[in-house]
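Descriptive analysis of the structure
The residues making up each chain are set out below.
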Amino acid sequence: GMILFSDQSETFIPPKKGRNHILRLIRDLVDTEPQGKGTDLGKVLRHLTNVLKKRSIVFVLSDFMNTGEDYQDALSIARRRHDVVGVHLYDDREVELPNMGHVRVLDAESGQSSWIDTANKQTRIAYGKWYHENLRNTKQMFIKSGADFLSINTKSSYVQALLGLFNRRASRA
């Protein structure tokens, strides 16, 4: 199954088996245009808990850069009912701003644009600190709730990362 979300649940497709269902998931993943702006992970986790009654493995795929309000309670409740795995997808340029001088950036969620001076070392350092602190807080939130958390670089093999996760989970069992 799949829930596509922004600051609201955009598309919910309940879990099913079969090739046609997989094709539908792929089609909706490609074709869905979000109606909402922003990201509210707490709201979607509460929605998930309400609509998915059967115990399931839930993968939360996100960059976790702007997740809305604090979602610790919603994550803990979802984790009690389901096996939750946070999957952090990231690109190297999100981890460390490259030195490219003045760059106009667009916030895809708010639509606001602004100029930043990536040549300024303090700007790059401040951004790096924010990024790593945000990632550390996100990991802690998942771990505190009892959920697994995995970071996957867009350059890396997601297959290897997932196999590593499943091997670690198997050794705990």
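This write-up is about the structure you can find in this document. (Residues numbered from 1 in each chain as written. Predicted model: local features only at pLDDT ≥ 70, side-chain atom pairs only at ≥ 80, totals over all residues. Heavy atoms only, no water.)

1. Quick word on the overall build of the chain
Definition in use: Note on conventions: DSSP H or I runs of at least 4 residues are helices, E runs of at least 2 residues are strands, and numbering of each starts at the N terminus. Partly exposed describes any residue whose relative accessible area lies between the buried limit of under 20% and the exposed limit of over 50%, with all areas from a 1.4 Å probe on protein chains only and scaled to the type maximum. The contact criterion used throughout is that any non-hydrogen atoms of two residues lie within 4.5 Å. Working definition of accessibility: Shrake-Rupley area with a 1.4 Å probe, residue cover restricted to the visible protein chains. Charged residues are defined narrowly, with Lys and Arg counted positive, Asp and Glu counted negative, and His plus the chain ends left uncounted. To locate a charge, the coordinates of NZ of Lys, CZ of Arg, CG of Asp or CD of Glu are taken.
Looking only at helices and strands, the chain features six helices and seven strands. In sequence order, the secondary structure elements of the chain are arranged as β-β-α-α-β-α-β-α-β-β-α-β-α. Considered along the principal axes of its C-alpha atoms, the chain spans approximately 50 × 40 × 30 Å. Buried positions account for 35% of the 173 residues belonging to the chain. Contacts spanning at least 24 positions in sequence make up 66% of the contacts within the chain whose residues lie at least 6 apart. Here the chain has roughly 11300 Å² of accessible surface; of this, 53% comes from carbon and sulfur atoms. For the chain, the separation between the mean place of its 26 positive charges and that of its 20 negative charges on side chains is 8 Å.

2. Focus: the sheet that holds strand β7 (residues 148-153)
Spelled out, the test is: Two strands pair under a simple rule: DSSP has to find at least two bridges between them. Here, axes are lines fitted to C-alpha atoms. For helices the fit covers the stretch in contact, and angles between N-to-C directions go from 0 to 180 degrees.
Taking strand neighbours across the sheet as the criterion, the three strands line up as β3-β4-β7 in an open arrangement whose pairing is parallel. This sheet does not close on itself; its edge strands, each paired only once, are β3 (57-62) and β7. Neighbouring strand axes in the sheet, compared pairwise and without regard to direction, differ in orientation by 20° on average. Bridge analysis of β3 against strand β4 (residues 83-90) gives six bridges, and the strand direction is parallel. Within β4, the residue paired with S62 across the bridge is H88. Its contacts with the sheet place helix α6 (residues 158-172) against β3, β4 and β7, and it is angled at close to 160° to β7.

3. Quick word on helix α3 (residues 72-81)
Residues of α3 that are buried: Q72, A74, L75, S76 and A78. Buried-residue contacts for α3 involve α2 (41-51), β4 and α5 (121-145).

4. Some details on the packing of α2 against α3
Here is the rule: Here roughly perpendicular refers to angles of 65 to 115 degrees, roughly parallel to angles under 35, roughly antiparallel to angles over 145, and oblique to all remaining angles. Crossings are assigned a handedness: left-handed for a near helix turned anticlockwise from the far helix by less than a right angle, right-handed for a clockwise turn. Residue type decides the class: Asp, Glu, Lys and Arg count as charged, Ala, Val, Leu, Ile, Met, Phe, Trp, Tyr, Cys and Pro as nonpolar, and the leftover types, Gly among them, as polar.
Close contact between α2 and α3 brings their axes to 9 Å; oriented N to C, the two are set at 30°. By the criterion of interaxial angle, the relationship of α2 to α3 is roughly parallel. Handedness of the crossing formed by α2 with α3: left-handed. Contacts between α2 and α3 involve G42, L45, R46, L48 and T49 from the former and A74, L75, I77, A78 and R81 from the latter. Of the residues contributing to the contact of α2 with α3, the split by class is six nonpolar, two polar and two charged.

5. What to know about the pattern of salt bridges
Rules: Here a salt bridge means any side-chain nitrogen of Lys or Arg lying within 4 Å of a carboxyl oxygen belonging to Asp or Glu.
One pass over the structure, following the stated rule, counts seven salt bridges. Between R169 and D148 there is a salt bridge; the shortest N-O distance is 2.5 Å. Of this pair, R169 sits in helix α6 while D148 sits in strand β7, and the two are 21 residues apart along the sequence. Its relative accessible area of 19% is what places R169 among the buried residues. Bridged by salt links that share partners, the residues D83, D148, R169 and R172 form one connected network.

6. Let's talk about the side chain of T138
Just so we agree on the cut-off: Here a polar contact is recorded for every N or O atom pair within 3.5 Å, except that within protein the pair must consist of a potential hydrogen donor and a potential acceptor, and residues adjacent in sequence are included only if both atoms are side-chain atoms.
Inspection of the secondary structure puts T138 in helix α5. A polar side-chain atom of T138 sits 2.9 Å from the main-chain carbonyl oxygen of N134. Residues contacting T138, with those up to four places away along its chain left out, are F64, Y71 and F149.

7. Focus: the packing of aromatic side chains
Here is the rule we go by: Under the pairing criterion, centres of Phe, Tyr and Trp rings, with the six-membered ring standing for Trp, must be within 6.5 Å; the plane angle then separates stacked pairs below 30 degrees from edge-to-face pairs above 60, leaving the rest tilted.
Counting across every chain of the model gives five aromatic pairs. Judged by centre distance (5.5 Å) and plane angle (80°), the ring pair of F64 and F142 falls under edge-to-face. Of the two residues, F64 sits in the loop between β3 and α3 while F142 sits in helix α5, which places them 78 residues apart along the sequence. The exposure classification of F64 matches that of F142, with both residues buried. Seen in terms of ring centroids, Y127 and W130 are 5.9 Å apart; in terms of plane orientation they differ by 40°. Their pairing is tilted. Of this pair, Y127 and W130 are both found in helix α5, three residues apart, which corresponds to roughly one turn of the helix.

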